[in-house]
Amino acid sequence: MYFNNGRLFEKFLVEEKIQTLDKSGRPKTNFEFKATGEIIRGVIADAKASEIEKWKESQHLITHTILQKLGQIKAKPSDRLVNGSRFFYVVGVDDVAMRGYFILYYVEERNDAT
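Now for a description of the structure that goes with this document. (Residues numbered from 1 in each chain as written. Predicted model: local features only at pLDDT ≥ 70, side-chain atom pairs only at ≥ 80, totals over all residues. Heavy atoms only, no water.)

### Structural notes on the overall build of the protein
Next, step 1: Along its length, the protein carries one helix and six strands.
Next, step 2: Mapped from its N terminus to its C terminus, the protein presents α and β elements in the order β-β-α-β-β-β-β.
Next, step 3: By principal-axis analysis of the C-alpha atoms, the protein measures approximately 55 × 35 × 30 Å.
Next, step 4: Put simply, the protein has 114 residues, and 31% of those count as buried.
Next, step 5: Considering only contacts in the protein between residues 6 or more positions apart, those separated by 24 or more positions represent 53%.
Next, step 6: Approximately 8000 Å² of the protein is accessible, and the part contributed by carbon and sulfur atoms is 52%.
Next, step 7: Averaging the positions of the 18 positive and the 16 negative side-chain charges in the protein gives two centres separated by 4 Å. (Helix = DSSP H or I, 4+ residues; strand = E, 2+ residues; numbered from the N terminus. Buried < 20%, exposed > 50% of the residue type's maximum accessible area, 1.4 Å probe, protein only. Contact = heavy atoms within 4.5 Å. Areas by Shrake-Rupley, 256 points an atom, 1.4 Å probe, with all protein chains shown as cover. Lys, Arg positive; Asp, Glu negative; His and termini not counted. Charge placed at Lys NZ, Arg CZ, Asp CG, Glu CD.)

### A short note on the environment of L70
Next, step 1: Mapping L70 onto the fold places it in the loop between β3 (64-69) and β4 (80-83).
Next, step 2: Considered as a pair, L70 and R99 are 29 residues apart in the sequence and their alpha carbons are 8.9 Å apart.
Next, step 3: Not counting residues within four places of it along the chain, the set of residues in contact with L70 comprises G100 and Y101.

### A look at the environment of Y106
Next, step 1: With respect to the helices and strands, the residue Y106 is situated in strand β6 (residues 102-110).
Next, step 2: A sequence separation of 47 residues divides Y106 from Q59, and the C-alpha atoms of the two residues are 13 Å apart.

### Section: the sheet that holds β3
Next, step 1: The six strands are arranged β1-β2-β3-β6-β5-β4 in a closed barrel whose pairing can be described as antiparallel. In this sheet, adjacent strand axes meet at a mean angle of 45 degrees when their direction is disregarded. (Pairing = 2+ DSSP bridges. Axes fitted to C-alpha atoms, helices over the stretch in contact; angles between N-to-C directions.)

### Looking at the pattern of salt bridges
Next, step 1: Under the definition given, this model contains six salt bridges.
Next, step 2: For K76, the salt bridge is made with D79, and the minimal N-O distance between the two is 3.1 Å.
Next, step 3: Among the salt bridges present, the one from E109 reaches R86, with a minimum N-O distance of 2.9 Å. Linking E109 in strand β6 with R86 in strand β5 (residues 86-95), this pair joins segments that are 23 residues apart in sequence.
Next, step 4: Residue E109 is classed as partly exposed on the basis of its relative accessible area of 22%.
Next, step 5: A network of salt bridges, in which partner residues are shared, links E16, K34, K76 and D79. (Salt bridge = Lys/Arg side-chain N within 4 Å of Asp/Glu carboxyl O.)

### So, the pairing of strand β2 (residues 32-46)
Next, step 1: In this sheet, β2 lies alongside strand β1 (residues 10-18) in antiparallel orientation, the contact comprising eight bridges. The residue of β2 that forms the bridge with I18 is E32.
Next, step 2: One ladder, built from five bridges, connects β2 with β3; its direction is antiparallel. The partner of D46 across the bridge, within β3, is H64.

Structure, rendered in structure tokens:
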């Protein structure tokens with residue numbers, strides 16, 4: 001099998017979490033998301049054991065990392081990335097080179113999301 005340049009890149013639609021209030025003015029506990037119109041093109045990989053342990057220390061679970069090449073940060077923690085029927089919740093974001101060359105998203109894949 002031959003890999004062409006850019007063949008591993010997948011598109012992820014960015015959705016932001018909407019916080020709604022009930023009649024008494026308290027935040028609702030259900031999770032609703034709205035598309036932002038941003039699209040991330042990135043390469044997805046399983047998270048390494050060292051990355052999983054690092055995030056577990058701060059009581060966050062990650063299952064994958066998504067590497068975006070070039071551009072600005074398009075998703076923030078609490079956002080959701082959608083790739084077909086797969087849902088990924090953003091736990092953390094790291095601008096690896098601090099110049100926008102590579103952005104690393106730490107995400108948790110959830111199968112119970114709709």
